[in-house]
Amino acid sequence: MSVPTTANLPRWPWLGAFVAEEAGAWLFVAKSLLAMYTAAWLAMWLQLEQPSTTMITVSIVMHPHSGMVLAKSFYRALGTLAGSLFGLALMALFPQQRELFFLTLSLWLALCAGGATLYRNFMAYGFVLAGYTAAIVTLPALGNPLNSFDSAVMRVSEVLLGVLVAALFSDLLLPQRLRVVLRQSARTQFAHFVDFVRESTGGALPRAKMEQAHLEFVRAAVHLEDLRASVIFEDPEVRTRSARMRLLNQRYMAAATSFQSLHHLINRLTRRGRDTVAQALIASYRPIGEALSTPPGERHDPAVLTRRLRACLAALPARVAALRSPLEEPAARLEFDTGAALVLRFAEELADFTAVEAALRAGKLRGSVERVHFRRGNDLAGAAVAVLRTFLTMLVLAAFWLASGWAFGGSAMLLATIFAGLLAASPNPIASAAHTLYGYAAGMAAGFVAVFVLLPGSDGFAMLVCATAGLLLIGPYLSTRDTLPGVGAGYTLGFVYILALKNPMVYDPSHFLNDAIAQVAGLGLSGVAFMVLPGVTGTRWQRRRQLRLLREQVALAANAPLEGLAWRFESVVRDLLQQVVAHTRPDSEESRHLLGWSIAVQESGRAVIELRQDLSGKELPAVASDAALRALDAVARLYRAPDAARWQAADAAVLEAIHAAPRGAAVCRHLYQLRSALRDEESPLAPYLSAPEVADAA
């Protein structure tokens with residue numbers, strides 16, 4: 001038998017990683033160039049007015065993964081059609097009233113920019129397209145409104161041709177499937193969660209470890225939804241699995257919340273010296289870890305885990321009853337009953353989670369599934385700022401254009417329109433505008449060399465490709481470099497836009513330079529607009545508002561209709577936390593404060609929902625029902641605007657409801673969990689604690 005030696009190992013392991021990365025980058029560059037030049041040739045063959053628009057469309061929608069291209073193409077097509085229809089309506093309403101025309105166009109652009117801030121993924125890009133397509137259709141036709149329809153038809157044709165070509169090249173030429181990334185992400189998420197649960201059944205978990213796990217669970221859920229939303233465009237198989245993938249993510253979020261609520265309860269009992277109850281709960285929880293402890297080859301097999309978890313779930317009630325019997329103190333029994341209910345709920349939700357994963361892996365997709373959605377959390381104030389900024393920017397440019405009669409004012413306004421929308425949702429719009437401007441200026445400089453040095457001596461489309469490909473490929477390659485965000489896209493846009501391929505080509509140095517100056521001015525003005533009226537994405541002001549929205553989810557849990565409330569609550573809370581922590585320094589005091597509030601909101605909100613479900617499904621004495629409703633109202637008021645007085649009112653109301661509830665009722669257990677969360681010494685509510693928790697809760 002041969003013994004491996006160092007001679008058999010790669011001599012330079014970094015070289016293999018570098019070559020693999022470069023191979024992927026150059027494959028993307030090659031596909032992008034082929035798609036752009038094919039689109040330009042087809043546009044010329046079809047005698048479209050501006051083949052450069054088709055090339056720009058290809059450059060914008062191209063992505064290394066085919067699913068991303070198809071998703072982006074879909075929303076770009078929708079945005080283009082919506083913008084063209086609005087542009088035609090605008091020209092029909094105000095063919096000669098320039099002031100009303102610009103006022104309405106600015107309002108439309110502003111509303112589209114605001115819409116882009118409220119949506120994720122490429123849906124936001126569809127709003128941007130709807131905005132600046134209206135400008136593309138109408139601005140060149142201002143001198144002759146009768147041409148607006150022909151202009152709209154041409155723009156739509158050019159854009160849709162670019163979308164079609166990009167989609168075909170991405171999907172047919174050495175495609176890199178996004179579904180592979182989705183499958184790997186889902187399996188990694190599943191394995192990580194199962195491993196974490198298995199390793200945590202031995203006792204209490206430190207607060208810091210729970211916070212880190214909570215953040216990882218949140219990011220995994222949001223990331224999986226983002227991937228699913230793009231992959232559904234890639235192939236029919238993924239679309240048929242979409243509903244179950246949503247259900248899988250919902251099961252994952254529900255199990256994660258129950259898991260954390262259970263451990264926080266155990267931690268609180270341990271800190272308060274209730275070791276007997278805490279150890280009893282740990283003993284009742286331990287069989288779940290045993291069910292997950294399979295041989296290495298089956299450790300992450302969801303079908304095996306589901307069978308073992310179902311068997312564990314069937315045996316748990318007897319084990320819980322045996323562990324409860326030695327507890328004679330009423331307070332201890334209430335504490336144990338609350339934790340035991342969480343253990344049973346978690347075991348059931350974990351089994352449901354593994355069952356959905358097993359069905360997805362086995363391809364068992366027959367029958368209907370529960371319809372759930374991943375609801376996003378949005379801040380309308382941030383969108384309002386984007387609307388105001390874009391509206392004012394467009395009005396200033398339009399007023400300057402009208403007053404000065406600047407012949408190239410349309411180009412400046414068009415570039416400002418495009419980037420005002422694209423940068424609206426950027427966490428650092430000024431830096432993004434600067435990087436894009438650098439790339440754009442470099443692309444126009446390269447375009448000048450191509451147009452006036454290389455192209456005049458060329459003849460035919462093949463020579464056009466030879467003269468421009470060496471300069472054009474710089475843009476797609478830079479787009480693959482994470483260290484230069486925005487520069488590659490700016491370079492490609494600047495090069496293709498200023499190249500201005502037409503049928504036939506026109507060589508006019510004066511027009512070229514004036515158009516270049518106007519475009520740089522428009523792009524620069526979009527950045528200046530963010531200096532005058534700064535963006536709110538990632539600012540402290542927005543983080544405070546998002547934290548308020550996060551806390552208000554408890555109030556919604558207490559008052560919103562119960563149908564679908566559980567999955568809406570779980571997804572919105574996670575999406576809001578993901579938004580706010582993305583702009584805070586990791587491990588900072590602010591980050592830990594936000595995580596603390598998120599954990600408190602999830603535990604309290606889920607307890608509130610479970611309590612409301614018990615109240616709606618069971619007949620309780622009127623006194624108990626009224627007390628529970630008063631407790632819900634008090635907790636909702638506390639989370640809307642937390643202070644010492646509201647905490648005292650909520651604590652007293654929950655305690656009163658516990659005393660009014662029948663002993664042994666599920667309502668009583670959920671009320672106790674709610675009061676335990678209110679009295680968590682490590683939660684953000686800790687500063688309001690004013691009275692010790694004693695056995696009066698029983």
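Cut-offs used in this document
Residues numbered from 1 in each chain as written. Predicted model: local features only at pLDDT ≥ 70, side-chain atom pairs only at ≥ 80, totals over all residues. Heavy atoms only, no water. Helix = DSSP H or I, 4+ residues; strand = E, 2+ residues; numbered from the N terminus. Buried < 20%, exposed > 50% of the residue type's maximum accessible area, 1.4 Å probe, protein only. Areas by Shrake-Rupley, 256 points an atom, 1.4 Å probe, with all protein chains shown as cover. 1 Å grid on protein atoms, 1.4 Å probe; cavity = no way out; pocket = protein on both sides within 12 Å on 5 of 7 lines; lining within 4 Å. Points joined across faces, edges and corners; volume = space filled by probe spheres on them. Contact = heavy atoms within 4.5 Å. Patch = residues over 30% accessible without salt bridge, like charges linked within 9 Å, V, L, I, M, F, W, Y side chains within 5 Å. Salt bridge = Lys/Arg side-chain N within 4 Å of Asp/Glu carboxyl O. pLDDT = per-residue confidence, 0-100. Phe/Tyr/Trp six-rings, centres within 6.5 Å; stacked < 30°, edge-to-face > 60°.

Of the regular secondary structure elements, the protein chain holds 25 helices and zero strands. Residue burial in the protein chain is summarised as follows: out of 698 residues, 55% are buried. Per element, the accessible surface of the protein chain, about 29,500 Å² overall, is 62% carbon and sulfur.

Okay, the layout of surface pockets next. The gaps of empty space that remain are located by a probe, the size of a water molecule, rolled over the atoms. The calculated volume of the second largest pocket comes to roughly 1,000 Å³. At the level of elements, helix 2 (51-61), helix 3 (66-93), helix 5 (123-138), helix 6 (148-172), helix 14 (409-422), helix 15 (429-454), helix 18 (487-499) and helix 19 (509-532) are the ones that each hand at least two residues to the lining of the second largest pocket. Sort the elements by how many residues they give to the lining of the second largest pocket and helix 14 lands first, with six residues.

Once that is clear, we can look at the environment of E590. By secondary structure assignment, the location of E590 is in helix 22 (residues 589-617). When sequence neighbours within four positions are dropped, the list of residues in contact with E590 reads R540, R543 and T584.

With that settled, consider the side chain of T492. Along the chain, T492 falls in helix 18. Exposure remark for T492: the relative accessible area of 5% places this residue in the buried category.

A cluster of nonpolar residues, F448, V449, V453, L454 and L513, forms a patch on the protein surface that exposes about 400 Å² of accessible area. Within the fold, L513 resides in helix 19.

Here the protein chain shows a mean pLDDT of 81. Residues at 70 or above account for 88%. A low-confidence stretch, residues 691-698 (pLDDT under 50), is modelled with 21 contacts involving residues beyond four sequence positions or located in other chains.

The relation between two aromatic rings is expressed through the spacing of the ring centres and the mutual angle of the planes. The final tally for this structure, using the stated rule, is 18 aromatic pairs. With 4.0 Å between their ring centres and 10° between their planes, F86 and W108 make a pair best called stacked. Taken as a pair, F86 in helix 3 and W108 in helix 4 (residues 98-118) lie far apart in primary sequence, 22 residues in all. When the ring of F400 is compared with that of W406, the centres are 6.0 Å apart and the planes differ by 75°; the resulting orientation is edge-to-face. On the accessibility criterion, F400 (47% relative accessible area) is partly exposed. Each member of the aromatic cluster is reached from another via a ring pair, and the members are F190, F193, F196, Y252, F259, Y285, F346 and F353.

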